[in-house]
Amino acid sequence: MNLVRPLSRAASSVTYSCPARSLAQTLLSCLAGDRLRHLLPAAHARAVVSEGLCDLFLANLLLRGYSKLGLIHDARRLFDGMLHRNLVSWSSAISMYAQHGGDEQALVLFAAFRRSFDEVPNEFLLASVLRACTQSRAVHFGEQVHDTALKLGLDVNIYVGTALINLYAKVACMDAAIRVFHTLPAKSPVTWTAVIAGYSQIGEGGLALDLFQKMGVQGVRPDRFVLASAVSACSALAFLQGGRQIHGYTYRCGAGMDASVINALMDLYCKCSRPLMARKLFDRTENLNLVSWTTMIAGYMQNSLDAEAMDMFWQMCQAGWQPDVFACTSILNSCGSLKAIWQGRQIHAHAIKANLDTDEYIKNALIDMYNKCDHLTAARAVFDALAHDDAVSYNAMIEGYARLGDLTEALHVFRRMRYCSIRPNLLTFVSLLGVSSFQSAIELSKQIHGLIIRSGTSADLYMGSALIDAYSKCSLVDDAKAVFLLMHNRDLVVWNAMIFGHAQNEQGEEAVKLFSQLRASGVTPNEFTFVALVTVASNLASMFHGQQFHAQIIKAGADSNPHVRNALIDMYAKSGFIKEGWLLFESTRGNDVVCWNSMILTYAQHGHAEEALRVFQLMREARLEPNYVTFVGVLTACAHAGLVDEGLHHFNSMKTKYGIEPGIEHYASVVNLLGRSGKLHSAKEFIERMPIKPAAAVWRSLLSACRLFGDVEIGRYAAEMALLVDPSDSGPYVLLSNIYASKGLWADVQKLRLRMDYAGTMKEPGIVGLR
């Protein structure tokens, strides 16, 4: 369409031979039809035979035909063989490259045009060159073309102006884009789309929507591209009401069935936590494309509906769609959240077959997925094979080791990162601080702090809260407070970190003082603040503080938060007010498994086994699925009540009925259950049949039962096995010594004490006088 006028001007200045005129008329008639592919080679052959290529108008028509069919090599051969070229010839060739991905060739050809052709470029040629600059991100070249347009007065032309706006918007130079926009005397919907989409892409959704509103005031009817960009702006702002208004408009103007608009609306609803609305729109749409499926999968993942994301992904595959990078990245995230390693491996295999595994996003998603599924070996294999100069990959690998507390490997990856001259960022340091504080590696935490100061990120609020948390976990509360005092613009996260630090180190009075300072500073506490304060009251066993905090929690409307509610139940239980804890549980219980677990554990730990099992029965009647922690409480209750058969039944049902793999806590509880009932041989055989290596705590449970029943033989065996696992533990020595003493075996007691001295093991001193 844009070449009709130049072609017409060329035609008026040329005298045609009859064959050339006939061929030209035939080509013109089929350029807009389906016959061009069959006719063009024959027409070209006839032109060669009849020497019609000397006719510039006919040659340009042939060039345009090849360009339209995407036959770039044929077009270029024709162009290179032309004895004469005019502006139309150059414009057709440059436009062809810009339209078919040959951006570099388009720019090279434009440079050749400026060197070898005296005529100035027109608006169509400049628009094509600017399109090539946009696609290749050749901003500097585009600025030179802009200067040429200014000199020729074409910068106010709608084609050139729109192409300039699109160029600057795509590289986020919105100041330059809006200057060009305001100079244009006339604007098309494409012009509005370019500038609205530009603001939307850089996160300036408010400005994008302001322009969209002005567009309506000026009477310009938005097309599907403008509507999709406006909806994207609403998504960036989480402006659900504005998105709904645009949704209504799309149906009124008949644009409601366009795939790009529908995809943008689905993305809006997902980002505004309305995945059900997005799914309804998805189900009602007939012209779905790959972006539609990917948007829905990503939407489920973003809303933590990972099972639904998995189901949608397999439906997409069954419908014949090939997952792209974005679909694979989203579903790998869901696989990690669900610990669905089998499905994750299938996605990995697909990525390899589709040559997607080297993509940066896929690579990092694979590392993250294997890490979350606790398959560090597989994650490391992906990392070693694919990671190069990418800080995200290194951070993902360090985070994976940090999650499992493997400080050695986390530091190894960090050293490799520095060796490769990849600059650590906030996430790198936060992960290292997490694992060093978890292992109470005080000196390492201080070294990391030094690196943070050198990197210039120590004043960052996120980093400050991580440092406070690390020092607090290492019991260096004074150092944590020093970091806290250095931070002047403290946010709530920093305050919470310091309050938690005092709470963890049983400095309740300091935490209460800090809370008073927080209130005085005008910062509004949140549920995490209240959890920290209730934890302080629990540690102090202070109902005075606890009830004060409970009153403030109710006043702030945070009593319905499950984390706060569970902390309150735990506080009442630790303070001996179990009845109050139960009343709180009764008034707020719902579908929160953590809340039910808190009540089961409270009753179990206080020896109220029947009540604990009754709560478990109520939980099952409410059709809530128990989890790992639930069975710790249930088995503890059975052990206290001596309910051997019921306890073994619950233990066996964990895997067979609920698919929960038993852990060390569960095995220790069963050993305690059998031991308290006097079934010491059964307990010993149970440990020896365990599918995982018994921890020292499991053998200590058996040893405690041997002390209760005075079984020297099994007690000696249990003590030896516990010491093999943890030679520095004084507990087995003390328990076995008590067994010997109860039987009057004083010589064995003396030998055991000499052995302790030889091993350098010290008995932990008792604390006297606490009630």
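Calculation notes
- Residues numbered from 1 in each chain as written.
- Predicted model: local features only at pLDDT ≥ 70, side-chain atom pairs only at ≥ 80, totals over all residues.
- Heavy atoms only, no water.
- Helix = DSSP H or I, 4+ residues; strand = E, 2+ residues; numbered from the N terminus.
- Buried < 20%, exposed > 50% of the residue type's maximum accessible area, 1.4 Å probe, protein only.
- Contact = heavy atoms within 4.5 Å.
- Areas by Shrake-Rupley, 256 points an atom, 1.4 Å probe, with all protein chains shown as cover.
- Expected span 1.5 Å × (residues − 1).
- Polar contact = N/O pair within 3.5 Å; in protein donor to acceptor, adjacent residues only side chain to side chain.
- Axes fitted to C-alpha atoms, helices over the stretch in contact; angles between N-to-C directions.
- Parallel < 35°, antiparallel > 145°, perpendicular 65-115°, else oblique.
- Left-handed = near helix turned anticlockwise from the far one by under 90°.
- Nonpolar A, V, L, I, M, F, W, Y, C, P; charged D, E, K, R; others polar.
- UniProt positions renumbered as here; feature names shortened; annotations may be inferred.
- Core = buried A, V, L, I, M, F, W, Y, C linked by side-chain atoms within 4.5 Å.
- Disulfide = S-S within 2.5 Å.
- Phe/Tyr/Trp six-rings, centres within 6.5 Å; stacked < 30°, edge-to-face > 60°.
- Salt bridge = Lys/Arg side-chain N within 4 Å of Asp/Glu carboxyl O.
- pLDDT = per-residue confidence, 0-100.

Draft legend 1. The arrangement of the overall build of the chain in detail. Scanning the chain from N- to C-terminus turns up 45 helices and zero strands. Within the span of the chain, comprising 771 residues, buried residues form 51% of the whole. Here the analysis covers contacts within the chain between residues at least 6 apart in sequence; of these, 61% occur between residues at least 24 apart. Here the chain displays about 38000 Å² of accessible surface, and carbon together with sulfur accounts for 54% of that area.

Draft legend 2. Layout of helix H10 (residues 158-170). For H10, spanning 13 residues, the distance from its first C-alpha to its last is 18 Å, which sits close to the expected 18 Å at 1.5 Å a residue. Turning to H10, its buried residues are Val 160, Gly 161, Thr 162, Ala 163, Leu 164, Ile 165, Leu 167, Tyr 168 and Ala 169. The inward-facing, buried residues of H10 contact helix H8 (123-136), helix H9 (139-152), helix H11 (174-183) and helix H12 (189-201). Where H10 begins, the side chain of Asn 157 points an oxygen toward the backbone nitrogen of Tyr 159, at a separation of 2.8 Å. Phi turns positive one or two residues past the end of H10, at Ala 172, with a value near 65 degrees.

Draft legend 3. Representation of the packing of helix H42 (residues 696-709) against helix H43 (residues 712-725) within the structure. Their axes nearest at 8 Å, the elements H42 and H43 cross at an angle of 160 degrees. Relative to H43, H42 is oriented roughly antiparallel. Two packed elements cross with a definite hand, and for H42 against H43 that hand is left-handed. Two secondary-structure elements touch here, H42 through Ala 696, Trp 699, Leu 702, Leu 703 and Cys 706 and H43 through Ile 714, Gly 715, Tyr 717, Ala 718, Ala 719, Met 721, Ala 722 and Val 725. Considered class by class, the residues forming the contact of H42 with H43 number twelve nonpolar, one polar and no charged.

Draft legend 4. Focus on unusual backbone geometry. The backbone phi angle of Asn 355 is positive, close to 60 degrees, even though this residue is not glycine. Mapped onto the elements, Asn 355 comes out in the loop between helix H21 (341-353) and helix H22 (360-372). Residue classification places Asn 355 among the exposed positions, given a relative accessible area of 64%. Positive phi is not limited to glycine here, since Asp 374 has a value of about 60 degrees. With respect to the helices, strands and loops of the structure, Asp 374 is situated in the loop between H22 and helix H23 (376-386).

Draft legend 5. Structural detail: the UniProt feature "repeat: PPR" (unreviewed entry) in the chain. On the UniProt side, "repeat: PPR" (unreviewed entry) is annotated at positions that read residues 55-89, 188-222, 289-323, 390-424, 491-525 and 592-626 here. Taken end to end, residues 188-222 is 74% helix and 0% strand, and its two terminal C-alpha atoms sit 9 Å from one another. Between the first and last C-alpha atoms of residues 592-626 the distance is 11 Å; the span itself is 74% helix and 0% strand.

Draft legend 6. Highlighting the packing of helix H31 (residues 508-520) against helix H33 (residues 543-556). Contact geometry of H31 with H33 gives a least axis separation of 13 Å together with a crossing angle of 25 degrees. Taken together, H31 and H33 sit at an angle that is classed as roughly parallel. In this structure, H31 meets H33 at a crossing whose hand is left-handed. Contacts from Glu 509, Val 512, Phe 515 and Arg 519 in H31 reach His 545, Phe 549 and Gln 552 in H33.

Draft legend 7. Representation of the nonpolar core. In terms of nonpolar packing, the biggest core is built from 236 residues, with Val 195, Ile 196 and Leu 702 touching the most fellow members. Residue contributions to this core peak at eight residues, all from helix H16 (residues 259-271). The contacts of Leu 702, once residues within four sequence positions are left out, are Val 671, Leu 680, Ala 683, Lys 684, Ile 687, Ile 714 and Ala 718.

Draft legend 8. Quick look at helix H38 (residues 628-641). Along its 14 residues, H38 runs 21 Å from first to last C-alpha, staying within 8% of the 20 Å computed at 1.5 Å per residue. All of the buried residues in H38 are Thr 630, Phe 631, Val 632, Gly 633, Val 634, Leu 635, Ala 637, Cys 638 and Ala 639. The backbone nitrogen of Val 629 has a side-chain oxygen 3.2 Å away, supplied by the residue at the start of H38, namely Asn 627. Immediately downstream of H38, the backbone of Gly 642 shows phi near 70 degrees, a positive value.

Draft legend 9. Region of the structure containing the state of the cysteines. Applying the stated criterion across every chain yields a total of zero disulfides. This cysteine, Cys 317, is not joined by any disulfide, and Cys 328 carries the nearest cysteine sulfur, 8.0 Å off. Judged by its relative accessible area of 28%, Cys 317 falls in the partly exposed class.

Draft legend 10. Fine view of the packing of aromatic side chains. Taken as a whole, this structure holds 20 aromatic pairs when the rule is applied. Between Phe 110 and Phe 141, the aromatic rings sit 6.3 Å apart at their centres with planes inclined by 65 degrees, giving edge-to-face as the arrangement. Placement of the pair is Phe 110 in helix H7 (residues 103-116) and Phe 141 in helix H9, with a sequence separation of 31 residues. Ring geometry for Phe 651 against Tyr 667: centres 5.5 Å apart, planes inclined by 65 degrees, an arrangement best described as edge-to-face. Taken together, the positions of Phe 651 in helix H39 (residues 644-658) and Tyr 667 in helix H40 (residues 664-676) put the pair 16 residues apart, joining distant regions of the chain.

Draft legend 11. Quick look at the pattern of salt bridges. Applying the stated criterion across every chain, the model contains twelve salt bridges. Between Asp 267 and Lys 271 there is a salt bridge; the shortest N-O distance is 3.2 Å. Of this pair, Asp 267 and Lys 271 are both found in helix H16, four residues apart, which corresponds to roughly one turn of the helix. One salt bridge connects Lys 481 with Glu 510, and the closest N-O pair in it is separated by 3.6 Å. Within this pair, whereas Lys 481 is found in helix H29 (residues 477-486), its partner Glu 510 is found in helix H31, the two being separated by 29 residues in sequence. Within the structure, one salt-bridge network assembled from shared partners comprises Arg 380, Asp 384, Glu 409 and Arg 416.

Draft legend 12. Layout of the confidence of the model for the chain. Of the residues in the chain, 87% reach a pLDDT of 70 or more, and the chain-wide mean stands at 81. By mean pLDDT, the top-scoring element of the chain is helix H18 (residues 290-302) (93), and the lowest-scoring one is helix H1 (residues 4-12) (36). pLDDT under 50 marks residues 764-771. Its contacts with residues more than four places away, or in other chains, come to one contact.

Draft legend 13. The environment of Pro 525, seen in detail. Position of Pro 525 relative to the elements: it lies in the loop between H31 and helix H32 (527-540). The exposure class of Pro 525 is buried, given its relative accessible area of 14%. C-alpha separation for the pair Pro 525 and Trp 495, spaced 30 residues apart in sequence, amounts to 9.1 Å. Those residues in contact with Pro 525, other than ones at most four positions away along the chain, are Leu 492, Phe 515, Leu 518, Arg 519 and Phe 530.

Draft legend 14. Structural detail: the side chain of Thr 250. Within the secondary structure, Thr 250 is located in helix H15 (residues 240-252). The class of Thr 250 is buried, set by a relative accessible area of 0%. Only 2.5 Å separates the side chain of Thr 250 from the backbone oxygen of His 247, close enough to count as a polar contact.

Draft legend 15. The arrangement of the side chain of Ser 292 in detail. Relative to the elements of secondary structure, Ser 292 occurs in helix H18. For Ser 292, a relative accessible area of 1% translates into the label buried. A polar side-chain atom of Ser 292 sits 2.9 Å from a polar atom in the side chain of Asn 289. Excluding residues that lie within four positions of it along the chain, Ser 292 makes contacts with Asn 263, Met 266 and Phe 282.

Draft legend 16. Inspection of the environment of Phe 117 at higher detail. Its location among the elements puts Phe 117 in the loop between H7 and H8. Note on Phe 117: relative accessible area 18%, which makes it buried. Taking the C-alpha atoms as reference points, Phe 117 and Trp 90, separated by 27 residues in sequence, lie 9.4 Å from one another. Filtering out sequence-adjacent residues up to four positions away, Phe 117 remains in contact with Arg 85, Asn 86, Leu 87 and Trp 90.

Draft legend 17. Representation of the environment of Leu 643. Tracing the sequence through the fold places Leu 643 in the loop between H38 and H39. Through-space distance from the C-alpha of Leu 643 to that of Leu 674 is 9.2 Å; in sequence the pair is 31 residues apart. Residues contacting Leu 643, with those up to four places away along its chain left out, are Leu 613, Cys 638 and Leu 673.

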